[in-house]
Amino acid sequence: MGAGCSSGVCPSRKSDKLKNSKIIFVVGGPGSGKGTQCEKIVERYGFTHLSSGDLLRAEVSSGSERGKQLAAIMEKGELVPLDTILNMIKEAMIAKASTSKGFLIDGYPREVRQGEEFEKKIGAPCLLLYIDAKAETMLMRLIKRGETSGRSDDTAQTIKNRLELYYKATEPVIAYYQGRGIVRKINAEGSVDEVFSQVANAIESLQ
Ligand SMILES: Nc1ncnc2c1ncn2[C@H]1C[C@H](O)[C@@H](COP(=O)(O)OP(=O)(O)O)O1
Ligand SMILES: [Mg+2]
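Predicted model, so just to flag it, every value in this text is computed and none were measured.

**Q** Help me understand the UniProt feature "binding site: ATP" (unreviewed entry) in the protein in this model?
**A** Those places that UniProt annotates as "binding site: ATP" (unreviewed entry) correspond, in this numbering, to Gly31, Ser32, Gly33, Lys34, Gly35, Thr36, Arg145 and Gly190. Within the element layout of this structure, Ser32 appears in the loop between strand 1 (23-28) and helix 1 (34-45). When near neighbours in sequence (up to four residues on either side) are disregarded, Ser32 contacts Ile131, Ala133, Met138, Arg141 and Ala188. Turning to its location among the elements, Arg145 is positioned in helix 6 (residues 135-149). If sequence neighbours within four positions are ignored, Arg145 has contacts with Arg151, Asp154 and Arg162.

**Q** I would appreciate a short explanation of the site of ligand 1 in the present structure.
**A** Neighbouring residues of ligand 1: 14 residues in total, closest Gly31, Lys34, Thr36, Arg145 and Gly190. At 3.4 Å from an oxygen atom of ligand 1 is found a main-chain nitrogen or oxygen belonging to Ser32. For ligand 1, whose unbound accessible area comes to 540 Å², protein coverage reaches 74%. Listed by contribution, the elements that provide at least two residues to the shell around ligand 1 are helix 1, helix 6 and helix 8 (192-204). With three residues, helix 1 is the single largest residue contributor to the shell around ligand 1. In the shell around ligand 1, the residues fall into three nonpolar, eight polar and three charged.

Conventions and cut-offs
- Residues numbered from 1 in each chain as written.
- Chains lettered and ligands numbered in written order.
- Predicted model: local features only at pLDDT ≥ 70, side-chain atom pairs only at ≥ 80, totals over all residues.
- Heavy atoms only, no water.
- UniProt positions renumbered as here; feature names shortened; annotations may be inferred.
- Helix = DSSP H or I, 4+ residues; strand = E, 2+ residues; numbered from the N terminus.
- Contact = heavy atoms within 4.5 Å.
- Near = heavy atom within 4 Å.
- Polar contact = N/O pair within 3.5 Å; in protein donor to acceptor, adjacent residues only side chain to side chain.
- Areas by Shrake-Rupley, 256 points an atom, 1.4 Å probe, with all protein chains shown as cover.
- Nonpolar A, V, L, I, M, F, W, Y, C, P; charged D, E, K, R; others polar.

Okay, here's the thing in structure tokens:
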């Protein structure tokens with residue numbers, strides 16, 4: 001471990017444990033269906049699903065001081081500091097590295113710099129699944145999810161902020177990886193199964 005690393009994981013170094021891991025980025029707007037599709041991928045292909053949002057929400061639920069700071073940011077629909085989320089993802093990946101067939105990184109990168117840092121400190125993705133739904137579709141799904149999710153960010157004003165931030169910060173991520181030829185665009189307007197059949201084709205094109 002390098003100097004200055006007090007936790008078990010040093011964010012400034014690539015981990016040997018992860019160097020042969022298959023990494024898939026799952027990118028799309030809030031409510032596009034990333035989590036839903038990842039669950040189905042796990043069921044069929046046995047990959048490890050790491051949702052940046054779920055990792056953060058777990059930290060918030062723990063009641064830690066860090067969790068309290070994160071909660072304040074997330075309630076506004078803003079992005080949490082890059083190092084915080086990258087460390088959490090890396091820790092979770094290392095914990096599963098010896099048994100995982102591959103990692104679905106859901107909800108990250110949210111901006112191009114997050115992608116660059118991930119590659120420096122963890123590794124390169126072999127596929128980016130771009131879960132593409134119209135703004136009205138995402139809005140409708142989120143409002144419906146908000147009725148039962150208990151998520152503090154599934155409210156009308158926060159949803160609006162998250163959608164705006166998605167178009168401004170995250171869409172450039174797709175263009176960035178398109179240049180490398182690893183983006184598979186998935187039309188996410190249909191039913192869960194219709195969307196999944198496209199997702200499955202993209203995953204199978206990897207093997
Ligand atoms: N293809 C689809 N058709 C209808 N509803 C869908 C859908 N995919 C997901 N949903 C529902 C499930 C959730 O209540 C909501 C948002 O899905 P999600 O998987 O939580 O999205 P994300 O993780 O991208 O924010 O929409
Ligand atoms: Mg999600």
